[in-house]
Amino acid sequence: MKNTLAAAELEFMNFFWSSDEEKCKQDLVDEFAKKGKSSSNISFFLSKLTKKGFLIPRREGRNFYYKPSVSKLEYEQLLINNKLNKTYGQSLELILANFCGRESLNEGELQSVREWLKDLESELGDKE
């Protein structure tokens, strides 16, 4: 899956994310015709989003039905992770320091982060 969506692609994906039901092309025509999108334009976006890996097609007779391959939350997490990795690399300390408005954290702040991560790890371990 390619990582990002253009604004128009995101508009289509938001329509898919708005419900758990699969959608066919006619569902999109009904929704997007009032926004000035033509049937061929909708076909183009369905093809593009499928090729990028954001939609999973399923054929039923002569019709294709589509559903998202990722949830909206998963996509947003992907965007955030990509931005953080691009800006800060793998350094959690740099990320947290930036949120605090500094270039680094002092030892007390680092210890607090370590304790928080240890608590989080315990919570996640309890859920498994």
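All values derive from a computational prediction rather than experimental measurement. Residue positions are counted from 1 within each chain, in the order its sequence is given. Per-residue local features are limited, in this predicted model, to residues with pLDDT of at least 70; the limit for side-chain atom pairs, both in listing and counting, is 80 or more; totals at the level of whole chains, interfaces and linings are taken over all residues. Only hydrogens and water are set aside when side-chain values are computed; all heavy atoms of the structure are taken into account.

Caption draft 1: Representation of the sheet that holds strand E2 (residues 55–60) in the model. Should DSSP find at least two bridges between two strands, the strands are regarded as paired. The helix and strand labels rest on DSSP assignments: H or I over at least four residues marks a helix, E over at least two residues marks a strand, and numbering proceeds from the N terminus. With respect to topology, three strands assemble into an open sheet ordered E1-E3-E2, the strand pairing being antiparallel. Edge positions in the sheet fall to strand E1 (23–24) and E2, since each of these pairs with one other strand and no more.

Caption draft 2: Main features of the packing of aromatic side chains. By convention, a stacked pair of Phe, Tyr or Trp rings (six-membered ring in the case of Trp) has centres within 6.5 Å and planes under 30 degrees apart, an edge-to-face pair has planes over 60 apart, and any other such pair is tilted. One pass over the structure, following the stated rule, counts eight aromatic pairs. Here Phe12 and Phe45 contribute two aromatic rings whose centre-to-centre distance is 4.8 Å and whose plane-to-plane angle is 20°, an arrangement assigned as stacked. Of this pair, Phe12 sits in helix H1 (residues 7–17) while Phe45 is found in helix H3 (residues 39–51), placing the two residues 33 residues apart along the sequence. For Phe12, a relative accessible area of 1% gives the class buried. Summarising the aromatic geometry, the rings of Phe54 and Tyr75 are spaced 5.6 Å apart at their centres and angled 80° between planes, so their arrangement reads as edge-to-face. A residue pair is termed long-range when its members are at least 10 positions apart, and Phe54 in the loop between H3 and E2 and Tyr75 in helix H4 (residues 72–88) qualify at 21 residues. Accessibility here uses a 1.4 Å probe with only protein chains present; expressed as a share of the type maximum, an area under 20% marks a residue as buried, one over 50% as exposed, and anything in between as partly exposed. By relative accessible area, which is 5% here, Tyr75 ends up buried. These aromatic residues form a ring-pair network of at least three members: Phe12, Phe15, Phe16, Phe32, Phe44 and Phe45. Only Lys NZ and Arg CZ are tested; either one counts as a charge over a ring when it is within 6 Å of the ring centre and within 35 degrees of the ring normal. Cation over ring: Lys23 sits above Phe15, and NZ or CZ is 5.1 Å from the ring centre.

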